[in-house]
Amino acid sequence: MKYRGAAHTIAVCAVMTALLIAVQYALGFVPGVELVTVFLLVFCYVFGAKCGVLVATAFSLLRCFLWGFYPNVIILYLVYFNAFALLFGWLGRREKPVAVWVCPALLVLLAAGCAAGAVIGIPVSVLYRARLTGMLWALFGVLAALLALYIVLLCVGGKAKRFGREAASVTALAALCTVCFTLLDDVLTPLWYGYTWDAAVAYFYTGFFSMLPQTLCTVVSVLLLFEPLKRIFWSASTLGKGDRRKKIARSRAQTPRKSEGDGENAASNDGRTQKDVV
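Source: prediction; values computed, not measured. (Residues numbered from 1 in each chain as written. Predicted model: local features only at pLDDT ≥ 70, side-chain atom pairs only at ≥ 80, totals over all residues. Heavy atoms only, no water.)

Enquirer: So what's going on with the side chain of N72? Which residues, and what values?
Expert: Structurally, the position occupied by N72 is in helix α5 (residues 71-93). By relative accessible area, N72 is classed as buried at 8%. Polar contacts involving the side chain of N72 include one to the side chain of Y193, which spans 3.3 Å. Dropping the residues within four chain positions of it, N72 is found in contact with T189, W192 and Y193. (Helix = DSSP H or I, 4+ residues; strand = E, 2+ residues; numbered from the N terminus. Buried < 20%, exposed > 50% of the residue type's maximum accessible area, 1.4 Å probe, protein only. Polar contact = N/O pair within 3.5 Å; in protein donor to acceptor, adjacent residues only side chain to side chain. Contact = heavy atoms within 4.5 Å.)

The structure is reproduced here in structure tokens:
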């Protein structure tokens, strides 16, 4: 994506950072619901890794003025969201789409993990076991439905296949990234605060209560909002190019041009051309 200059890049990144903070603040009181992933994903996909990293870094630091400066959270956000921006910024610049097997492989892996967790059981309190099992089966159903949709789209030709394959692929990757966010937190937080092994294991299992709703929300939001947001961001990224082209075309239309035969057919003093005089 070509920009008009540094000012344009800074303005776009500033607006996107403010939007991410506003979205997280507005939905911060709703447990398990977050739209930061889908907004940042589509932004990096359209504007590239450079702008994505700038926004991810600014968002990770500026959000601390609202939620507090916790070192483990700052490290978690800086590491995760910058890697997230690099991944989807790189995907957006690829001329070739993601390989066909990537999306089914990720969906099967995540669905199998949910089914195994629901069948075998996760060692949590009896009070929360039924709730956790229900969330695992719900996420399994959504992932299985997404896999079936992806297979159907592969059998359909035209634009539906291309758009559907693209949306399903980034949705599967976004779901995997959301799981990795929780797993990274399960490693960083115990290490930072010096948890014992038993406390770290307990923290790992309790992380499922936040990971499952967030993963489910990520799958649904990315699948539904990826294409509309991509069109909006794409139109914003090209804003000004169309106006500039129109301005150039208008100036060219107003500038008098000499015809190819103007030099040969210059008019004489009596109104006749030089050819007529000869």
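Enquirer: With reference to specific residues and values, describe the nonpolar core.
Expert: In this structure, L41, F88, L132 and F233 are the most contacted members of the largest nonpolar core, which totals 66 residues. Where this core is concerned, the elements lending two or more residues are α1 (6-26), α2 (36-47), α3 (49-62), α5, α6 (102-120), α7 (126-155), α8 (159-193) and α10 (208-237). No other element matches α2, which puts 11 residues into this core. Those residues in contact with L132, other than ones at most four positions away along the chain, are I122, V124, F208, F209 and L212. (Core = buried A, V, L, I, M, F, W, Y, C linked by side-chain atoms within 4.5 Å.)

Enquirer: Give me the pattern of salt bridges: which residues, what numbers.
Expert: Going through the model one piece at a time under the given rule, you end up with 3 salt bridges. Put simply, E227 and K230 hold a salt bridge, and the shortest N to O gap is 3.7 Å. Note that E227 and K230 are positioned in helix α10 at a spacing of 3 residues, about one turn of the helix. With respect to class, E227 is no different from K230; both count as buried. Of the charged contacts in the structure, one is a salt bridge between E227 and R231, with a shortest N-O distance of 3.5 Å. Of the two residues, E227 and R231 both sit in helix α10, 4 residues apart, roughly one turn of that helix. What makes R231 exposed here is its relative accessible area of 55%. Three or more residues are tied together by salt bridges with common partners; here these are E166, E227, K230 and R231. (Salt bridge = Lys/Arg side-chain N within 4 Å of Asp/Glu carboxyl O.)

Enquirer: Can you explain the packing of helix α9 (residues 197-206) against α10? Please cite residues and give values.
Expert: Packing of α9 against α10 leaves a shortest axis separation of 5 Å and a crossing angle of 25°. The angle between the axes of α9 and α10 places the two elements in the roughly parallel class. Listed contacts from α10 to F204, Y205 and T206 of α9 are F208, F209 and S210. (Axes fitted to C-alpha atoms, helices over the stretch in contact; angles between N-to-C directions. Parallel < 35°, antiparallel > 145°, perpendicular 65-115°, else oblique.)

Enquirer: Run through α6, naming residues and quoting values.
Expert: If you check α6, its first and last C-alpha atoms are 27 Å apart, about what 19 residues at 1.5 Å a residue would give, namely 27 Å. Every buried residue belonging to α6 is among V102, C103, L106, L107, L110, A111, C114, A115, G117 and A118, and all of these are buried. The first or second residue beyond α6 is G121, which carries a positive phi of 95°. (Expected span 1.5 Å × (residues − 1).)

Purely spatial values, then, with no claim about function.
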